[in-house]
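# Tertiary structure, described
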Amino acid sequence: MEKRLPGNSNISFRFIEGEGLLLNLDLKGICASSGSACTSGSLDPSHVLLAIGLPHEIAHGSLRISIGKYNTKEEVDYLIENLVEIVSRLREMSPLWEKFIEGGK
Amino acid sequence: MDYSDKVVEHYTNPRNVGKIEDASGVGEVGNPVCGDIMKMFLKIENNIIVDVKFKTFGCGAAIASSSISTELIKGKTIEEALKLKNSDVVKALDGLPPVKLHCSVLAEEAIHEAIADYYRKEGKMTEEEIKEKCSLKEHSCEHCEG
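These numbers were taken from a predicted model, which means no experiment stands behind them.

## Considering the packing of aromatic side chains
Taken as a whole and judged by the stated rule, the model has five aromatic pairs over all chains. Geometrically, the ring pair formed by Y118 of chain B and Y119 of chain B is tilted, given 5.6 Å between the ring centres and 45 degrees between the ring planes. When its relative accessible area of 15% is taken as the criterion, Y118 of chain B is described as buried. Taken together, the ring pairs connect F15, W97 and F100 of chain A into an aromatic cluster.

Set out below in structure tokens:
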């Protein structure tokens, strides 16, 4: 991992969809993406995530966060705080989450 | 994505989110490959949709389409609800981007499936009659075909 960009991570939240997540983050003033810039505008999930074997519903829930040298610790805390709330809210709305909770799979 | 204010308002504050435990009919459409799954719960009394709730896995347009559809059919008769077209959903949302029109189709299909489920439970019609009355179609979209 020596040659990896350190300020960038791609996290998938199961049972929710990426765009819904992004829109809600945007409303909180947080800019993120669900995939690479070279596939922006595409509605399909990341071909990289599919290629490493993730199922569609997980690849659809990807969130790509990039932080730079000017971001502060407070901003990261603000992101985490809002992310927890948004993910919980979208899961409450998700039929896949309901299935998971009820079926325990 | 260029969404109307109405779409933004509905995905920010979706109406009628949740489930109905003793639902008269439940309809689920879409699949993870398309990226959208919509589940509609109906409570029907004397041919009237007295309550409706939804759960949706999907983008902002999918959430907004489900939300506004529940508002459009609540208090209506089954026949009125079956007449709701995806174009009515788009109109009520002040438009959807062309690539998101399938979300409104999904909302229409979810309502039809939920009503079909109600008729199946009622047991008065044959499957053929239900299919015709609720105009059930096989799901097809560009993602699944590809």
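## Some remarks on empty space enclosed by the protein
Counted under the stated rule, the structure contains one cavity of 30 Å³ or more. In this structure, the largest cavity occupies an estimated 40 Å³ of space. Lining the largest cavity, in full, are F15, I16, E17, L90 and S94 of chain A together with T56, F57, G58 and I63 of chain B. Class assignment of the residues belonging to the lining of the largest cavity gives a composition of five nonpolar, three polar and one charged.

## With respect to unusual backbone geometry
A negative phi angle is the norm for most residues apart from glycine, just as the trans form is the norm for most peptide bonds. If you check the backbone angles, F15 of chain A has positive phi at about 75 degrees while not being a glycine. Considering the arrangement of structural elements, one finds F15 of chain A in the loop between β1 (8-12) and α1 (18-27). In this structure, S135 of chain B takes a positive phi of about 35 degrees despite not being glycine. Position of S135 of chain B among the secondary structure elements: in the loop between α6 (127-133) and α7 (142-145). Residue S135 of chain B is classed as partly exposed on the basis of its relative accessible area of 37%.

Rules used in this analysis
Residues numbered from 1 in each chain as written. Chains lettered and ligands numbered in written order. Predicted model: local features only at pLDDT ≥ 70, side-chain atom pairs only at ≥ 80, totals over all residues. Heavy atoms only, no water. Phe/Tyr/Trp six-rings, centres within 6.5 Å; stacked < 30°, edge-to-face > 60°. Buried < 20%, exposed > 50% of the residue type's maximum accessible area, 1.4 Å probe, protein only. 1 Å grid on protein atoms, 1.4 Å probe; cavity = no way out; pocket = protein on both sides within 12 Å on 5 of 7 lines; lining within 4 Å. Points joined across faces, edges and corners; volume = space filled by probe spheres on them. Nonpolar A, V, L, I, M, F, W, Y, C, P; charged D, E, K, R; others polar. Helix = DSSP H or I, 4+ residues; strand = E, 2+ residues; numbered from the N terminus.

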